[in-house]
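One-letter residues, chain by chain:
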Amino acid sequence: DWTTGNVIEEQVEAIRALVGDKRAICGLSGGVDSAVAAALVARAIGSQLTCVYVDHGLMRKGETEQVEKDFVAATGVKLVVVDAEERFLSALAGVSDPEEKRKIIGREFIRVFEQAQAEIIADEGPAVEFLVQGTLYPDVVESGGGTGTANIKSHHNVGGLPEDLEFQLIEPLRKLFKDEVRMVGQELGLPEEIVQRQPFPGPGLGIRIVGEVTKERLDLLREADAIAREELTAAGLDRDIWQCPVVLLADVRSVGVQGDGRTYGHPIVLRPVSSEDAMTADWSRLPYDVLARISTRITNEVRDVNRVVLDVTSKPPGTIEWE
Ligand code: XMP
């Protein structure tokens, strides 16, 4: 029988048996997957788990605060926050290729964890031998680990791991789809805002800037993304869409007219999609007045953006993310 209770019970037992009296660390990304994976492992091994939140500078507005406050309040879990923005930005400097960006971000992530691990080990306790990851079933399938399908994208939490990985992985959500993960999270007592959170990719805004990733571009995209999210929430549309990537076409410029005259700015792409499991998706038919408000606000409030465009492609042929 598939029930959330059974899934939790089964995983808790398996995790306890696997970890024994050793310790585990878990990276929190701010998303549902890592939060539920961490909460599940915390249920199994309590204080033998330390969560590490890497602020890679590719997060959306307010995301770090949400992890620090809401998640810790809900789980009581031990959390270490690492500010690694400069490290990620210098590793990404000059890189435009999407797969290369993913590999760099994945690699730096693991390196930062290794540093955090060293510090946690140094605090005198059992060996830290395990790394918890919120890998879902669709991630496994799309990276070729499931039914032999071709590797579509090297998702950083599956195919993009470096070869010098030192941890044994715990992936308690490996057999679950997103809606099942949300039910498990709810059963574990996580707050609604975390459980119902829309998916956000591990590499963050790094793969939502088409072109090189820089601090300036990230700040610009963060503003545009915050406006889109604010308006979608205000319109009560959060439950109707699966997610809405907001993408900056950093290498594209177009002519506009704003304020006193001619501008030569960047386009922002809105990519609202509806989906059951992210394997396939359709573009969301958002109300025109909501689109109009988002467009007006972004072009008024975000410097260097003079155009907002809507992505009306389903998946396939387009993936949900642009990179
Ligand atoms: P695509 O773009 O492949 O995305 O249609 C499918 C779903 O996966 C998310 N996504 C990722 N999640 N690490 C993640 O944890 C990644 O590298 C990654 N790439 C894409 C995407 O947001 C969508 O929900």
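Reading the values: the criteria
- Residues numbered from 1 in each chain as written.
- Predicted model: local features only at pLDDT ≥ 70, side-chain atom pairs only at ≥ 80, totals over all residues.
- UniProt positions renumbered as here; feature names shortened; annotations may be inferred.
- Helix = DSSP H or I, 4+ residues; strand = E, 2+ residues; numbered from the N terminus.
- Buried ≥ 20, exposed ≤ 12 C-beta atoms within 10 Å, placed from the backbone.
- Contact = placed C-beta atoms within 7 Å.
- Pairing = 2+ DSSP bridges.
- Axes fitted to C-alpha atoms, helices over the stretch in contact; angles between N-to-C directions.

Novice: Which residues make up the UniProt feature "binding site: ATP" (unreviewed entry) in the protein chain, and what values do they have?
Specialist: The UniProt feature table records "binding site: ATP" (unreviewed entry) at Ser29, Gly30, Gly31, Val32, Asp33, Ser34 and Ala35. Position of Ser29 relative to the elements: it lies in the loop between strand 1 (23-28) and helix 2 (32-45). Exposure remark for Ser29: the 24 C-beta atoms within 10 Å place this residue in the buried category. The contact partners of Ser29, leaving out residues within four places of it in the chain, are Ser34 and Gly202. Topologically, Val32 is positioned in helix 2. Non-local contacts of Val32, meaning those with residues more than four positions away in its chain, are made with Val181, Arg182, Gly185, Ile194, Val195 and Arg197.

Novice: Can you lay out the sheet that holds strand 1 for me, pointing to particular residues and giving the numbers?
Specialist: Strand pairing in a sheet takes place through backbone hydrogen bonds and is either antiparallel or parallel in direction. The strand order 3-2-1-4-5 describes an open sheet built from five strands, whose pairing is parallel. A single partner strand is all that each edge strand has here, and the edge strands are strand 3 (78-83) and strand 5 (168-170). Recorded for the sheet is a direction-independent mean angle of 30° between the axes of neighbouring strands. Sheet analysis places strand 4 (residues 128-132) next to strand 5, joined by three bridges and oriented parallel. Each bridged residue has a counterpart across the sheet, and for Phe130 the counterpart in strand 5 is Gln168. Along the sheet, helix 2 makes contact with strand 1, strand 2 (49-55), strand 4 and strand 5, crossing strand 1 at roughly 160°. Sheet contacts for helix 3 (residues 63-75): strand 1, strand 2 and strand 3; angle to strand 3, the most-contacted strand, approximately 175°.

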